[in-house]
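The lines below spell out each chain.
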Amino acid sequence: KAGVTQTPRYLIKTRGQQVTLSCSPISGHRSVSWYQQTPGQGLQFLFEYFSETQRNKGNFPGRFSGRQFSNSRSEMNVSTLELGDSALYLCASSPLDGGGTEAFFGQGTRLTVV
Amino acid sequence: AQSVTQLDSQVPVFEEAPVELRCNYSSSVSVYLFWYVQYPNQGLQLLLKYLSGSTLVKGINGFEAEFNKSQTSFHLRKPSVHISDTAEYFCAVSEPGNQFYFGTGTSLTVIP
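The shown structure was predicted, so the numbers you read here are calculated from the model rather than taken from an experiment. (Residues numbered from 1 in each chain as written. Chains lettered and ligands numbered in written order. Predicted model: local features only at pLDDT ≥ 70, side-chain atom pairs only at ≥ 80, totals over all residues. Heavy atoms only, no water.)

Novice: Report on the pattern of salt bridges, specifying residues and quantitative values.
Specialist: All names here are of chain A. Enumeration over the complete set of coordinates arrives at 10 salt bridges over all chains. One salt bridge in this structure joins arginine 63 and glutamate 82, with 3.6 Å as the shortest N-O distance. Of this pair, arginine 63 sits in the loop between strand S6 (53–57) and strand S7 (64–68) while glutamate 82 sits in the loop between strand S8 (74–78) and strand S9 (87–94), and the two are 19 residues apart along the sequence. In the salt-bridge network here, residues are joined through shared partners; they are Arg63, Glu82 and Asp85. (Salt bridge = Lys/Arg side-chain N within 4 Å of Asp/Glu carboxyl O. Helix = DSSP H or I, 4+ residues; strand = E, 2+ residues; numbered from the N terminus.)

Novice: Which residues make up the environment of valine 4 of chain A, and what values do they have?
Specialist: All names here are of chain A. The topology assignment puts valine 4 in the segment before strand S1 (5–7). Taking relative accessible area as the criterion, valine 4 reaches 11% and is therefore assigned buried. Put simply, valine 4 and proline 25 are 21 residues apart on the chain and 4.7 Å apart in space, counted from C-alpha to C-alpha. Setting aside residues up to four positions removed in sequence, valine 4 forms contacts with Cys23, Ser24, Pro25, Ile26, Cys91, Ser93, Phe104, Phe105 and Gly106. (Buried < 20%, exposed > 50% of the residue type's maximum accessible area, 1.4 Å probe, protein only. Contact = heavy atoms within 4.5 Å.)

Novice: So, the nonpolar core: which residues are in play, and what are the values?
Specialist: Taken as a class, soluble globular proteins show a tendency for nonpolar side chains to be buried jointly. All names here are of chain B. Core analysis: the largest hydrophobic core is formed by 28 residues, its most contacted members being Leu33, Trp35, Leu47, Leu48, Phe74, Leu76 and Tyr89. Looking at this core, the elements with two or more residues in it are strand S2 (10–14), strand S3 (19–21), strand S5 (32–38), strand S6 (44–50), strand S8 (64–68), strand S9 (73–78), strand S10 (87–95) and strand S12 (106–111). Looking at which element gives the most residues to this core, the answer is S10, with four residues. The contact partners of leucine 76, leaving out residues within four places of it in the chain, are Val19, Glu20, Leu21, Trp35, Leu47, Leu48, Phe63, Glu64, Ala65 and Tyr89. (Core = buried A, V, L, I, M, F, W, Y, C linked by side-chain atoms within 4.5 Å.)

Novice: Break down the environment of glutamine 99 of chain B for me, with residues and values.
Specialist: On the secondary structure map, glutamine 99 of chain B appears in strand S11 (residues 99–102). Classification of glutamine 99 of chain B as buried rests on a relative accessible area of 10%. Taking the C-alpha atoms as reference, glutamine 99 of chain B lies 9.9 Å from glutamine 2 of chain B; in sequence the two are 97 residues apart. For glutamine 99 of chain B, the contacting residues outside a window of four places in its chain are Tyr35, Phe45 and Asn56 of chain A together with Val93 and Ser94 of chain B.

Novice: If you had to explain unusual backbone geometry to someone new, which residues and values would you point to?
Specialist: Negative phi values dominate among residues other than glycine, just as trans dominates among peptide bonds. With an omega of -10 degrees, the peptide bond running from threonine 7 of chain A to proline 8 of chain A counts as cis. If you check the backbone angles, glutamate 16 of chain B has positive phi at about 75 degrees while not being a glycine. If you trace the backbone, glutamate 16 of chain B turns up in the loop between S2 and S3. Given a relative accessible area of 63%, glutamate 16 of chain B falls into the exposed group. The phi dihedral of threonine 72 of chain B is positive, around 45 degrees, even though this residue is not glycine. By the secondary structure assignment, threonine 72 of chain B is in the loop between S8 and S9.

Novice: Give a detailed account of the interface of chain B and chain A, specifying residues and quantitative values.
Specialist: In this complex, chain B contributes 20 residues to the contact, which on the side of chain A involves 24 residues. Of the roughly 1800 Å² buried at the junction of chain B and chain A (both faces included), carbon and sulfur atoms supply 48%. Scanning the region where chain B abuts chain A turns up zero salt bridges. Our enumeration of links across chain B and chain A arrives at five residue pairs in polar contact (both at pLDDT 80 or more). At the level of elements, S5, S6, S10 and S11 of chain B are the ones that each hand at least two residues to the side of chain B that touches chain A. In terms of residue count, the dominant contributor to the side of chain B that touches chain A is S5 of chain B (four residues). When the residues that make up the side of chain B that touches chain A are grouped by side-chain class, the tally is 10 nonpolar, eight polar and two charged. (Buried area = accessible area lost by both parts, 1.4 Å probe. Polar contact = N/O pair within 3.5 Å; in protein donor to acceptor, adjacent residues only side chain to side chain. Nonpolar A, V, L, I, M, F, W, Y, C, P; charged D, E, K, R; others polar.)

Shown next, in the form of structure tokens:
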């Protein structure tokens with residue numbers, strides 16, 4: 001079974017630009033979550049989608065948005081990029097609704113904003 | 001909201017020595033606990049999880065953890081570490097809806 005796939009692996013963008021990151025969950029998984037990882041803040045929850053609906057949202061500005069498609073693939077978008085958005089963005093998929101299920105992580109997209 | 005505290009940001013340990021990585025969480029009615037490992041430039045890989053039942057949980061690569069409800073702790077242990085265990089370790093708590101709360105991580109460095 002293929003794991004969680006995130007594309008691209010690396011991105012370099014300029015301040016003010018926007019960026020879209022993609023995540024393909026494990027086949028059959030309906031829940032997709034996004035996290036931002038930085039050396040200073042650690043792993044921070046961005047949002048979680050289940051069956052195309054955003055169920056939870058972390059404490060990030062509105063520049064960060066996401067969506068999930070009917071095939072469970074998810075995208076996250078960051079508009080008006082700032083230097084502080086440089087981070088590793090991780091996507092995780094889970095098979096079931098409800099807590100306690102393992103989250104399977106992709107390898108992440110390393111975003112650098114210059 | 002849950003919170004997770006990893007008490008040690010960096011833990012150096014000699015090869016073949018035992019190690020304990022500490023994790024405390026905020027109390028909740030139902031708690032699911034996890035330890036993940038992250039190697040450089042990689043995503044997170046599950047080491048072990050506690051959902052219910054036996055408080056001693058065994059995971060991959062010889063790691064184990066003990067759930068202590070009274071102390072709200074979930075410490076990770078390994079009796080003998082290897083160079084390949086050098087990595088970042090994250091403790092996490094999950095809530096219904098699959099939202100995970102992660103600790104700030106512990107960097108384990110195994111010294112030859």
